[in-house]
Amino acid sequence: MTTRGSRSEKVKRIFQQFDSNKDGGLNREEMAALVVAVNPRVKFSDEQINAILDEVFKTYGEFIDGEKGLTYDGLLRTYDDGAGDVDRDFDALGLELKPDSGGDDVASSSSIADERAVAEPAKKQRTAAWAASPNHGIVFDDTWKVVDDLEILIKRLKAKQVKDGKMKGGDNSNNDVYSDPGWSRELGPSTEISDKRIVWEESGHDYAVFVKELGVLRTRADGARSREEAFDGHMAIGRVLYEHQLYKEALVSFKRACELQPTDVRPHFRAGNCSYVLGRHGEAKEEFVLALEAAEAGGNQWSYLLPQIHVNLGISLEGEGMVISSCEHYREAAILCPTHFRALKLLGSALFGVGEYKAAVKALEEAIYLKNDYADAHCDLASALHAMGDDENAIKEFQKAIDLKPGHVDALYNLGGLYMDMGRYQRASEMYTRVLAVWPNHWRAQLNKAVSLLGAGENEEAKKALKEALKMTNRVELHDAISHLKQLQKKRLKGNGGANGEEAFIIVEPSKFKTVTEKTTLRQELAIALDVRAFQRITRLSRCDVELLKKEMTENNAPVSYSGMGVPEKSIRKASLEVILRRLLNFLKPETFVGAVKAINQKILSVLDESESGRVDLGMFFAVLAPICGGTAERRKRVAFDALLWRPVNEDSTQIQKADVQRYIKLLRAIYIPSHGMSEILEVHGETDSAMVSFTEFIAMFDDPDWGFGVMSGLVKLESVDRNRHGNHVCSVCRYPVIGSRFKEMKSHFSLCSQCYSEGKVPPTFKLEEYKFKEYASEAEAMKDKCMWFGLHSKSSSPS
């Protein structure tokens with residue numbers, strides 16, 4: 001972390017390096033040389049250089065000293081505003097700091113007044129660069145006295161806590177374990193949240209004394225001669241507390257400053273930063289929104305701060321799980337400040353988070369172009385490339401991230417997953433081992449290590465790894481994995497397929513799969529229903545009652561707009577749609593909500609927003625969502641019908657145009673039965689005139705087995721049974737315990753799970769001309785069947 005005095009010293013050294021005529025200013029030629037030197041990988045054209053210089057000299061006009069050019073204070077201000085990274089530029093130029101002759105330590109004393117007397121000569125060196133900076137620093141002399149006294153109080157508290165062993169953190173040795181969230185604590189990106197983190201002990205007597213004495217300083221600030229001076233005092237107190245990571249106390253000061261000057265951007269911005277660090281993402285978002293409103297109302301005065309407000313607002317929205325909304329703010333920051341590599345990285349990461357991989361790659365490549373040693377950007381770029389199927393380049397990018405940060409958990413873990421997908425199990429297990437070396441209680445890495453060892457044929461090692469994972473967490477999937485391993489070992493001992501190079505299953509063509517009763521689901525229908533059910537699970541939409549959609553339609557005043565064909569629509573931006581989804585899925589944790597939005601964006605919004613306008617027909621969206629929400633099948637269909645009625649083309653009517661229903665059903669099929677694809681939407685079946693359809697006719701069209709959404713009955717059935725376990729029965733193909741429906745082959749008496757049945761897999765030892773299956777939703781049904789079978793046979797064998 002850059003120390004309090006060293007940052008301004010570094011800027012001074014950079015300034016002196018390029019002030020070649022030593023006149024105390026950087027003219028256009030000298031500034032151009034600086035821009036080129038600190039960006040060695042970028043080839044600037046003359047037009048680009050002139051555009052950059054025009055922007056600098058226009059934005060920082062108050063720091064231009066005639067023909068001399070930009071002053072030292074002006075250069076310091078550009079770094080404060082986030083136009084560059086002091087540490088990176090200093091290192092790129094190969095400069096070194098002169099040994100600091102000024103001491104930072106002040107002898108401990110019982111009297112603040114005595115300590116202040118000792119501290120006075122070193123005041124400027126001890127106080128952060130922000131305090132001396134023109135527009136956002138300390139204005140009044142009395143504020144300096146408050147700052148000095150506060151520094152002494154903090155030093156005293158720190159000394160006592162260190163002595164008593166109460167203070168935690170401050171060790172920077174394990175910094176590379178965690179991904180940089182891109183969070184900027186200051187006006188610019190010079191200091192990051194991954195710096196040394198200190199945890200103060202707040203429950204002891206020493207801390208209580210500190211808070212009491214801090215209250216006295218706050219009272220002094222409140223008692224200042226003017227409102228402006230009181231504001232200056234509280235802002236300075238907040239900044240000093242923030243510097244020392246006393247975030248709760250800093251937040252109190254910034255909130256007080258907000259009360260004193262509600263339209264000032266800075267206290268809202270600082271309060272937002274504090275709230276975010278404290279994990280209060282909702283409060284952080286509110287403060288950044290207020291900061292943004294104040295900055296936009298204040299004209300050019302706060303233009304330098306706008307990109308960072310957008311970035312920090314985006315990050316706090318991500319903290320709440322609102323990733324599509326955060327994209328808008330990262331994009332805005334990148335437009336306002338095209339060299340803001342962190343904004344571009346965050347934009348790329350957020351786009352990846354919602355499944356827009358192509359756009360994510362573009363943004364992340366741009367961030368890396370601006371900052372080639374950005375490990376997190378390389379890691380996320382690799383993940384996006386892997387998602388697009390470009391595994392070779394993905395491996396290279398993961399490796400770059402690991403070379404830059406050898407303990408980069410995300411890169412190591414995701415590279416392990418990539419190797420697993422490629423079938424390179426030995427390499428995968430090595431990656432998971434490295435993750436566990438950095439993060440020993442990472443149970444998912446431990447479980448994946450076990451699976452990769454199993455794939456590599458190292459069963460004993462896999463068993464040990466599974467047991468270790470079980471010590472870390474008691475999740476049911478681990479018990480299933482152990483049961484699966486035992487089944488594989490039993491199978492191997494019997495020599496029954498899957499061992500010694502034998503095939504584990506054969507795939508049978510659909511026509512050979514027959515059903516014994518009408519209640520047994522057809523294989524092709526089950527495959528579709530399972531796919532929709534998997535989507536329900538990811539999005540948790542089955543836990544969202546369909547009546548909530550009806551409530552949204554009743555209470556939501558979506559504006560009416562017009563499509564390119566002049567058709568009125570209640571269309572809505574994706575970011576606004578995300579807000580509605582957050583209300584519908586308010587029971588989800590932020591990280592789970594992000595996964596749900598990603599799935600909805602990829603499966604539904606990509607089809608509804610085919611033109612990529614960023615807007616969606618809200619009525620059609622509700623209608624498409626209704627069949628997979630919670631509630632009876634009848635209610636889901638009714639709400640889907642009502643959602644189509646709610647659209648402006650059908651409003652104030654009890655019937656819907658037939659063409660509208662046909663388009664709706666084709667959209668449903670294109671979204672949930674992807675094998676039919678979008679091409680079906682273009683096809684026409686039956687009349688497409690302007691005939692009107694009643695609810696009864698709508699149901700008939702909806703349930704049509706060939707051109708409707710007949711899969712819904714299978715989906716409702718799955719919802720009711722997919723948690724059912726069948727005693728000790730395991731699938732004869734995958735060897736996992738059967739959960740959901742069990743499909744029993746009535747001649748050979750082997751059992752399949754829903755997934756293997758839907759894929760047409762059977763054990764290689766049972767090669768039949770045709771297979772006859774009966775579906776059991778529960779073990780009770782199977783037992784009932786068995787009893788009836790025994791009853792029939794006992795009657796037939798009894799004497800007449």
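First things first, this report covers the structure right here in the doc. Owing to the predicted nature of the structure, the values given are computational and were not obtained by experimental measurement.

Here we take up the sheet that holds strand E6 (residues 513–515). Across the sheet, four strands lie side by side as E6-E18-E15-E16; this open sheet has mixed pairing. Each edge of the open sheet is held by one strand with a lone partner, namely E6 and strand E16 (751–753). Neighbouring strand axes in the sheet, compared pairwise and without regard to direction, differ in orientation by 35 degrees on average. With three bridges connecting them, strand E15 (residues 742–745) and E16 associate as antiparallel partners. By the bridge assignment for E16, phenylalanine 743 is matched with leucine 752.

Before going further, it helps to examine helix H18 (residues 357–370). Helical geometry: 3.6 residues make up each α-helical turn, so side chains three or four residues apart lie on a common side. With 14 residues, H18 should cover 20 Å at 1.5 Å per step; its first-to-last C-alpha distance of 20 Å lies within 8% of that length. Within H18, burial applies to Tyr357, Ala360, Val361, Ala363, Leu364, Ala367, Ile368 and Leu370. Of the surrounding elements, those touching the buried residues of H18 are helix H5 (86–92), helix H17 (341–353), helix H19 (375–387), helix H20 (391–404) and helix H29 (590–608).

With five of six residues buried, strand E18 (residues 771–776) is to be regarded as a mostly interior element. Sheet analysis places E6 next to E18, joined by three bridges and oriented parallel. Residue pairing for E18: lysine 514 is matched across the bridge by lysine 772. Sheet topology note: the E15/E18 ladder contains four bridges and is antiparallel. Residue lysine 744 lies in a different strand from E18, and its bridge partner there is lysine 774.

Remark: helix H14 (residues 281–297) packs on helix H15 (residues 306–319), axes separated minimally by 9 Å, with the N-to-C direction vectors making an angle of 155 degrees. Comparing their axes, H15 and H14 come out roughly antiparallel. In this structure, H14 crosses over H15, and the sense of that crossing is left-handed. Seen from H14, the contacting residues are His281, Ala284, Lys285, Phe288, Val289, Ala291, Leu292, Ala295 and Glu296; seen from H15, they are Leu306, Ile309, His310, Asn312, Leu313, Ser316, Leu317 and Gly319. Classifying every residue of the contact of H14 with H15 gives ten nonpolar, five polar and two charged.

This next bit is on unusual backbone geometry. Positive phi is not limited to glycine here, since lysine 22 has a value of about 50 degrees. Mapped onto the fold, lysine 22 is located in the loop between helix H1 (6–18) and helix H2 (28–38). Even without being a glycine, glutamate 612 presents a positive backbone phi close to 60 degrees. For glutamate 612, the location among the structural elements is in the loop between H29 and strand E10 (615–617).

Let us look at the packing of helix H31 (residues 633–646) against helix H34 (residues 695–703). Contact geometry for H31 and H34: axes closest at 11 Å, N-to-C directions at 115 degrees. With respect to their mutual orientation, H31 and H34 come out roughly perpendicular. The handedness of the crossing between H31 and H34 comes out as right-handed. Contacts between H31 and H34 pair Lys637, Arg638, Ala640, Phe641 and Leu644 from the former with Phe695, Phe698, Ile699, Phe702 and Asp703 from the latter. Within the contact of H31 with H34, the residues separate by chemical class into seven nonpolar, no polar and three charged.

Here we come to the packing of aromatic side chains. Two aromatic rings, taken as a pair, are described by how far apart their centres are and by the angle between their planes. Under the criterion given, the structure shown has 26 aromatic pairs. Centre to centre, the rings of phenylalanine 535 and tyrosine 672 are 6.2 Å apart; their planes meet at 55 degrees, and the pair counts as tilted. With phenylalanine 535 in helix H26 (residues 523–539) and tyrosine 672 in helix H32 (residues 658–672), the pair connects residues that are 137 residues apart, well separated along the chain. Overall, phenylalanine 535 belongs to the buried group, its relative accessible area being 5%. Their ring planes at 50 degrees and their centres at 6.2 Å tell us that phenylalanine 621 and phenylalanine 622 sit as a pair that is tilted. Side by side, phenylalanine 621 and phenylalanine 622 carry an identical accessibility label, which is buried. Here the aromatic residues Phe535, Phe641, Tyr664, Tyr672, Phe695, Phe698, Phe702 and Phe709 are joined through ring pairs into a cluster of three or more. When the ring centre of tryptophan 646 is taken as reference, the NZ or CZ atom of lysine 570 above it lies at 4.0 Å. In this arrangement the basic side chain of lysine 598 is found over the ring face of phenylalanine 352, its NZ or CZ atom lying 5.2 Å from the centre.

Okay, H26 next. Its 17 residues place the ends of H26 25 Å apart at the C-alpha level, agreeing with the 24 Å of an ideal helix rising 1.5 Å per residue. Along H26, the positions that sit buried rather than exposed are Arg523, Leu526, Ala529, Leu530, Val532, Arg533, Phe535, Gln536 and Thr539. Just beyond H26, the residue with positive phi is arginine 540, at close to 60 degrees.

With that settled, the discussion passes to the pattern of salt bridges. Applying the stated criterion to the full structure yields 35 salt bridges. A salt bridge links arginine 266 to aspartate 264, with the shortest nitrogen-to-oxygen separation between them at 2.8 Å. For the residue pair arginine 266 and aspartate 264, the accessibility class agrees, reading buried in each case. Between arginine 427 and glutamate 430 there is a salt bridge whose closest N-O contact spans 2.7 Å. On the criterion of helical spacing, the pair formed by arginine 427 and glutamate 430 is a turn pair, its members being three residues apart in helix H22 (residues 425–438). Classification of arginine 427 by relative accessible area gives partly exposed; the value is 29%. Residue classification places glutamate 430 among the partly exposed positions, given a relative accessible area of 34%. Taken together, the shared-partner salt bridges in this structure form one network comprising Asp142, Lys145, Arg225 and Glu229.

Empty space among the atoms can be located by rolling a probe the size of a water molecule over them. Within this structure, the stated rule accounts for three cavities of 30 Å³ or more. Empty space within the largest cavity amounts to approximately 50 Å³. Around the largest cavity, the lining residues are Thr521, Leu526, Ala529, Gly714, Lys717, Leu718, Ser741 and Glu775. Residue assignment for the lining of the largest cavity shows that the elements contributing at least two residues are H26 and helix H35 (711–721). Its residues assigned to classes, the lining of the largest cavity comprises three nonpolar, three polar and two charged.

Now for the nonpolar core. Of all hydrophobic cores here, the largest spans 146 residues; its most connected members are Ile604, Phe621, Tyr664 and Tyr672. Ranked by residues supplied to this core, first place goes to H29 with ten residues. For isoleucine 604, the residues in contact, after removing those within four places along its chain, are Phe535, Ala599, Phe621, Val624, Leu625, Ile671 and Tyr672. If you look at the next biggest cluster of nonpolar residues, it comprises 34 residues, including Phe210, Phe231, Ile237 and Tyr242.

A few words on the environment of phenylalanine 288. Tracing the sequence through the fold places phenylalanine 288 in helix H14. Taking the C-alpha atoms as reference points, phenylalanine 288 and arginine 270, 18 residues apart in sequence, are found 8.8 Å from one another.

Examined against the element boundaries, glutamine 16 turns out to sit in helix H1. Taking the C-alpha atoms as reference points, glutamine 16 and tyrosine 72, 56 residues apart in sequence, are found 8.7 Å from one another.

Calculation criteria
- Residues numbered from 1 in each chain as written.
- Predicted model: local features only at pLDDT ≥ 70, side-chain atom pairs only at ≥ 80, totals over all residues.
- Heavy atoms only, no water.
- Pairing = 2+ DSSP bridges.
- Helix = DSSP H or I, 4+ residues; strand = E, 2+ residues; numbered from the N terminus.
- Axes fitted to C-alpha atoms, helices over the stretch in contact; angles between N-to-C directions.
- Expected span 1.5 Å × (residues − 1).
- Buried < 20%, exposed > 50% of the residue type's maximum accessible area, 1.4 Å probe, protein only.
- Contact = heavy atoms within 4.5 Å.
- Parallel < 35°, antiparallel > 145°, perpendicular 65-115°, else oblique.
- Left-handed = near helix turned anticlockwise from the far one by under 90°.
- Nonpolar A, V, L, I, M, F, W, Y, C, P; charged D, E, K, R; others polar.
- Phe/Tyr/Trp six-rings, centres within 6.5 Å; stacked < 30°, edge-to-face > 60°.
- Lys NZ or Arg CZ within 6 Å of the ring centre and 35° of its normal.
- Salt bridge = Lys/Arg side-chain N within 4 Å of Asp/Glu carboxyl O.
- 1 Å grid on protein atoms, 1.4 Å probe; cavity = no way out; pocket = protein on both sides within 12 Å on 5 of 7 lines; lining within 4 Å.
- Points joined across faces, edges and corners; volume = space filled by probe spheres on them.
- Core = buried A, V, L, I, M, F, W, Y, C linked by side-chain atoms within 4.5 Å.

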